[in-house]
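Secondary and tertiary structure notes
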Amino acid sequence: AVFPQNNSTASRVEDELTYLTSDLSVMLQKASRLSADLQEVGVSTNDSVSQGALLLERIGSLQEKIQGLVKEAGHLNQTTEEIDPANQIRLLDDMASMLETIRDVNLTSANSAVNQELSLADSLLYSLQSDFLVDDRLRPLSVSLAAHSVVLQKTHKLLNDTMQQNTHTHTLLDTTHTLLLHYQSVYQNLSSVCLAVDGAMDDSQLLLAETINLAEELTNMTAQGEVLGGQVDQWRPLLRKRVDGLVVGLKMTDALEKVYRAESHAHLLQSHAHLLHSSLSSVCNVSMNGSRVVWLDSDITAHIDSAQNFALIAQSSASLALNMMVQSEHPLTVVGGAKLNHSSYFLQESRQLYKTTEDLQLNVAMVTSRLGLVRESACNTSFLLRQPMGELQILSNGASALLQQTQSQVAVSHSGLQEALHRLRQIREQLHSSSSVVEKTNNTVRETNQLVTHTHTAANEAQRKMEEARHRTEQLIGRIKPLSILGESLSRNLSDIRELIDHARRQAASIKVAVQADQDCVRSYRPEIQSSNSNTLTLMLKTSSPDNLLFYLGSKTRAEFMAVEMHKGKVSLVWDVGSGSTRLENPDLDISNNRWTHINATRFGALASLSVHQPELQPGPSAPVTGTSPGPARILHIDNATVIHIGGLGTHTKRPAVLRSSTFQGCVGEASLNDRNIGLWNYGSREGRCQGCFSSPQPEETSFHFDGSGFSLVQKSLRATSTSIVLLFKTLSPGGLLLYLASNNTRDFLSIELVEGHVQLTFDLGSGPLILTSNRKYNTGIWYKITLQRNKRKGYLSIIAADQSSEKEVLEAESPGTASDLNRSDLDPIYIGGLPVSRPVRQQVVSRSYVGCIKNVEIARSNFDLLRDAYGVRKGCVLEAVRSVSVLKGGGFVQFSPLLLRQKEELLLSFSSNNQSGVLLAAFTNNQTRLTRQHTRKSFLSVHLVSGELEAEFGEVGGASQQVMVVKPGGGSFSDGLMHSLIININKKSLSVQVDEDYVESVSLRTGGLSHLLLSSFFIGGLPSGEESYLPIRLQTISRSFRGCIQNLVVGGALLDLSGALRYEGAELDSCLLEERVRGAVLPDDLEVEPTPDPTHLAVAPPTHFSALMPGTLTCRSEAEPSFLPAAAQFGLSRHSHMTFAISPNTVRKSVSLQLWFRTWAQEGLLALLSHSRHTDFAVLWVEAGHTLLSADLGRGPASITSPVVVNDGQWHEVTAEVSRRSMSVSVDGSILDSVFVKGNQLDVDNTLYLGGLPHTHTHTARRLNVSSSLPGCVRSLRLNGATLDLSQPSSQRDVTSCFTNDQTGSFFNGTGYAALMRDGYKVGSDMSVTLEFRTSQSDGVLLGISSAKVDAVGLEMINGQLVFNVNNGAGPVSVRSIGQMLCDGQWHHLLAKKTKHTLSLSVDGRSYTTTNPYPQSTSAETNNPIYLGGYPGGVRQNCLSLSSRFRGCLRNIQLVKSHLSNALDLSSAYFLSGVTPNSCPAV
């Protein structure tokens, strides 16, 4: 209606619009230029105005100055008389200069410039007015623009309405989608409920059937158990008879009869045990019905315990089937009711689902009606859009870009509405189809109701069956109890038999029993050696046969071997280390003359030697014959299939083709391999008939050899005031315990030992130790005699060489304090040559074992047979050279005397280390040059590890050098803790290094690189301080870094005896360790000072009034409540403290990246674990020995990596652990990621991540991964594969609490609870001490309580800021109390409370308080009750605690010590814990 409809009018309008547009464009261009001109004029005008304003300001200021001058002039005129002529002249000159300055200002030019700019502005304004205001050319344009603006406003309004309708449509769609999802979830829940009910019914039926079968099997087992008891009664007299016969046999003096009788009894007992085992197995097999009930093995106790456990399991299984997750003590009616309630719950849920379905149908109807409204609204919107769209189409395309954009948005909106309508139709169809599903749901609900009814009936039937099964189970348990008692008795008898057999074998170890063979006696042994590049073999034998196989060492899986044989009376050494066999024959001596012959064979790399000697015919050994094996192989490998044969080859052993004999006829007296004696009696298997021969040429010995693994125990009654000990010893070892004498009930002890070769005497009579150390070293391999005389506090020690009485050293001293008696019981043991592992010693004792010989031991004028009660001791004395050394601390080394290197030298050694860098061997020499004998040059040879690679370097000190490096392929390292064989060959032309036969590298040396060198300095394991300067600079930093083991060092074709070292530091000879050995139990020093007889004898009386105390000592320190970290978890409240998180196994299958922050003070504990319940795959992160360790198994073998960063320092540490295909790495605090290789391609684990520990049900997993306890520490910010896991919302958790903002070592008691430990009870007895550290700001509280039901008890409590120690031995309470400054100052205090028979003492921070026991007839507190810390339950009586206030503060380092036994109390192992945070204490 607005626009004309005919074509002529439309064309005319279009032409006018075109003209208008062109005119408008021209006008816009003019307006743009005019605007630019106006801007320039405006800028110029502003500048002129600003300049005029500035000029006016200057004029104003000038006028003000002129007025000021006028005033000053007037003032001057008034004071003319007062100014002298000189000042007047100066002022006149100033006035003249000021007037000249005023005249210089050109005001005329500035005024003219301003007037000119003003006129230009007026003319420009007039021109603009004449161009735009006078003429009406802009009016049509303005009208047209106004009309178009109105159209655009209408269009914008329509678009807004359309957008609102579209938004409403989307809202309806979202609501519909939500309802659909809710319906689907309801349907899925209903299906799962149906499946659960079906599964419950199936399980109930299966359990019912199994229960019936179990009851029948238990009835049968009862009868068989009675038969078993009868058979055990029949075997008991026979076993006792055999034991008695064995004991009688051991008392006989005939050595051979003792050995053979022990072996006969052992074999006979073994056959009886097998017979008993087979009998019991048949009994067990009868009692089985398709499934194993009892697992029988050789240990009878296991049979009885297994039967009893099975009965208990049967009872618990029956109860479990009855109550379905309820304990067996509950009545079955309660269980049936619970089952009925559970089914009713399902019915109620089904009804709710039905109701929800009806509501859903109503919602569908409402949505359908709303969809109709939406459709109608969309149609109206489309109709309303037609007119604006037509108008927009008529508009010119060039009128405005906004109109085109509006048109496209309208089209998009229209299409969106059409799509929304189509989607709504589809949703309506889905809602209609869901009605049928709702009907099916109603049918399922009806079936569920029927199933619940059947379940109730089955539960009643199961109740009746379960009661019957429980009754039968109780009867069976009653019948099994006598069998259990019988099994325990039989177990004790078998343990006694085993101990007697072991003792018999140890006794036989000291008897030199030669073996007689007549080509039918073959004994095989397991070698106690490792793969090595050197071997030594010693044989002593006699034979009359010309052809014999004397010795054979070989494996069934490898071709390598070493053998000694005879052919035509001549001895030959035959060996093959992998590159061909070699025969070395001694042609000089025929030994088939039935005389005793010594055979010594050695092999160092490729070089071997053989010497044969008959002492009866030759005064000394003849020169050995030598030979070399072909090829590069140098190592004789030892594996699990390697055996030693003496006396020929067994029928199952294949003889190498190069050997000529396979049997032996003669007598073998002794055999040793690699300096280890092969006990001819301790064979692994035997073939044929073997006899003994007694003509071994061994002199009668009175000495005894200790091998370092045992000790000899004697008993002797000694006088308390004096001690007399005499003994002779011979050793090459620098350290060892010769004698240890101690008391089981007092602190008194006496020890004689070797410390770095020096003899050291230590004894303590109760008031402090006395230590006497010799000046000289006595580990020289000759006999020395020690004489000890003690008379009360004075000790006298003399050491003298047995064959040179002139070399004597005497030491004398007195022990400190006033005690003069060595108090001990007559039954207290005296240990010689070592200690049992479980025996605690005083901390002054350095060694616990001894390697060497001892004889003629005399204690209080009594001699002893050291074999009578001994372990690891044999008769005779053969010192073994020291072949190994352990360097376990930085800076350790061993230095040897000067050695001479040949022109072609081969050095051999074996090493193992976990340290990446360090010097294995270093040698220095001074060589004279050929040009002059006055000038010398110093050369060096160094063999070292650098970042796990082995390197050898030879050259001049400070000059040129050449090096050769051996790298393990695949990124491996020689610092892997395994033993590696090393061979260095050096000559004039080359230097070569061979490691483990597989890695060989060499380098050419310069002309004259090596001639005969005298090694003036030779070191292994490192260098002493100052010597490292001779090495190149790059090696000086690692010269003292080696930590590990070096053994079997060969120089000049001979094994070095390390006991002959010139000096050594930081090294342990005769050992091969990678870490310091764990020292045995050490008795703590008694911190008690000299007893105080009575408080009245104190030098200063205790304060009796307030003025005697310092200010601030009468009040407790106020302490704020501890603060906690948000979103952090504290673990370690128990050993099974943990959290679990549900994960998807697929997300960690290819790679795992775990990142977390934690802090801890603990040495070990589990951080995180992913594992599979049925497979071997796992990935575990834990703390071990204060370091973070990552271990993983992808199905093909485990691999581990340890971070070197120490993390148990109580600080926060960030750990990143990654496991992917074939590699794993761990990083701590941003350190460089160390990675190792791991076999496998993927990690198959369950859908659970364990954090901080494992549940108690995962004991199998804990044993398999060797992680047993939770980590006592705090964890925060846990991320798995980049996703953050919320610690506040785990899937499950146990014994987890909040973390303190800052913590320190100790356990925090919040004043509301307590800890209970040792449920089975603790026995106080006559002597007991308690040590602990505490911190509190509370004046009253219970620290510790142990009390019997009668009166015997001990208690520690704090009353009015002072500690009180209470003891009741049954006759009445005795107390001792601290005095002085109040202890509730919030600081740590050390406490030692000690109870003895006659005294009671309390020590706080080194200050002691003592009282005597006024009831001498009562000295022991007879308790067997739990230990309570920080408080005790309300219903428990504590006879030695006067208050019940619970402790608030921190405790740590809690120990209860009785004699030599110490119990460290770990609060995380408490059986009850409330209000206590173990292993974490808020920092002050």
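Here the structure is a predicted model, which means the values were calculated and not measured. (Residues numbered from 1 in each chain as written. Predicted model: local features only at pLDDT ≥ 70, side-chain atom pairs only at ≥ 80, totals over all residues. Heavy atoms only, no water.)

Moving on, we get to the overall build of the protein chain. Secondary structure summary: the protein chain contains 10 helices and 75 strands in total. For the protein chain, with 1484 residues in total, the buried portion stands at 44%. Residue pairs in contact within the protein chain that sit at least 24 positions apart in sequence constitute 72% of those at least 6 positions apart. Total accessible area on the protein chain is roughly 75,800 Å²; 52% of this is exposed by carbon and sulfur atoms. (Helix = DSSP H or I, 4+ residues; strand = E, 2+ residues; numbered from the N terminus. Buried < 20%, exposed > 50% of the residue type's maximum accessible area, 1.4 Å probe, protein only. Contact = heavy atoms within 4.5 Å. Areas by Shrake-Rupley, 256 points an atom, 1.4 Å probe, with all protein chains shown as cover.)

Take the nonpolar core next. In terms of nonpolar packing, the biggest core is built from 44 residues, with L950, L982, F1018 and I1020 touching the most fellow members. If we ignore the near neighbours within four places in the chain, the residues touching L950 are F911, L920, V943, H944, L945, V964, M965, V966, F974, L982, V993 and V995. (Core = buried A, V, L, I, M, F, W, Y, C linked by side-chain atoms within 4.5 Å.)

One pass over the full model with this rule turns up 15 salt bridges. With a closest N to O distance of 3.1 Å, R1448 and E1121 form a salt bridge. You can see R1448 sitting in strand β72 (residues 1448–1458) and its partner E1121 sitting in the loop between β46 (1082–1083) and β47 (1128–1130), a full 327 residues away along the chain. For R1448, a relative accessible area of 22% translates into the label partly exposed. With its nearest N and O atoms 2.6 Å apart, the salt bridge here joins D1244 to R1149. Of this pair, D1244 sits in the loop between β56 (1234–1237) and β57 (1248–1251) while R1149 sits in the loop between β48 (1138–1142) and β49 (1152–1160); the two residues are 95 residues apart in sequence, bridging distant segments of the chain. Residue classification places R1149 among the partly exposed residues on the basis of a relative accessible area of 25%. (Salt bridge = Lys/Arg side-chain N within 4 Å of Asp/Glu carboxyl O.)

Enumeration over the complete set of coordinates arrives at five disulfides. Between the sulfur atoms of C1450 and its disulfide mate C1481 the distance is 1.9 Å. When the S-S torsion is 90 degrees, as for the bridge of C1450 with C1481, the disulfide is right-handed. With C1450 in strand β72 and C1481 in strand β75 (residues 1481–1482), this pair connects stretches of sequence that are 31 residues apart. Both residues of the pair, C1450 and C1481, belong to the buried class. (Disulfide = S-S within 2.5 Å.)

Moving on, we get to the pairing of strand β9 (residues 607–613). When you tally the buried positions in β9, you get six out of seven residues, the bulk of the element. As judged from the seven bridges shared by strand β8 (residues 597–604) and β9, these two strands associate in the antiparallel manner. Bridging from a neighbouring strand, H598 pairs with H613 of β9. What sits between β8 and β9 in their antiparallel hairpin is a turn of two residues, with G605 showing a positive phi close to 65 degrees. Where β9 and strand β10 (residues 625–628) come together, four bridges link them in antiparallel fashion. Residue pairing across strands places L607 opposite T628, the latter belonging to β10. (Pairing = 2+ DSSP bridges.)

With respect to topology, seven strands assemble into an open sheet ordered β53-β52-β51-β50-β57-β48-β60, the strand pairing being antiparallel. The open sheet has two edge strands with one neighbour each: β53 (1198–1206) and β60 (1292–1294). If you compare each strand with its neighbour and ignore which way they point, the axes differ by 10 degrees on average. Pairing between strand β51 (residues 1178–1184) and strand β52 (residues 1187–1193): seven bridges, direction antiparallel. Following the sheet pairing, W1182 is matched in β52 by L1189. (Axes fitted to C-alpha atoms, helices over the stretch in contact; angles between N-to-C directions.)

Taken in spatial order, the seven strands make up an open sheet running β7-β6-β5-β4-β11-β2-β14, and their pairing is antiparallel. Of all strands in the sheet, those with a lone pairing partner are β7 (581–585) and β14 (685–687), marking the two edges. Averaged over all pairs of adjacent strands, the angle between strand axes in this sheet comes to 20 degrees, irrespective of strand direction.

The residue S1231 is located in the loop between β55 (1223–1228) and β56 in this model. Among the residues examined, S1231 registers a relative accessible area of 27% and is labelled partly exposed. In sequence terms S1231 and S1203 are 28 residues apart; their C-alpha atoms lie 9.0 Å from each other.

So, on to the environment of A608. Summarising the element assignment, A608 is placed in strand β9. For A608, a relative accessible area of 1% gives the class buried. C-alpha separation for the pair A608 and V625, spaced 17 residues apart in sequence, amounts to 8.3 Å. Once you skip the residues sitting within four places of it in the chain, A608 turns out to touch L573, W575, L584, T602, R603, V625, T626 and G627.

The next thing to look at is the packing of aromatic side chains. Applying the stated criterion across every chain, the model contains 17 aromatic pairs. When the centroid spacing of 6.2 Å and the interplanar angle of 70 degrees are considered together, the rings of F893 and F1019 count as edge-to-face. One end of the pair, F893, is in strand β31 (residues 893–896); the other, F1019, is in strand β41 (residues 1013–1020), with 126 residues separating them in the sequence. Judged by its relative accessible area of 0%, F893 is buried. Its relative accessible area of 1% is what places F1019 among the buried residues. A ring pair is formed by F1309 and F1447, whose centres lie 5.9 Å apart and whose planes are at 70 degrees; its orientation type is edge-to-face. (Phe/Tyr/Trp six-rings, centres within 6.5 Å; stacked < 30°, edge-to-face > 60°.)

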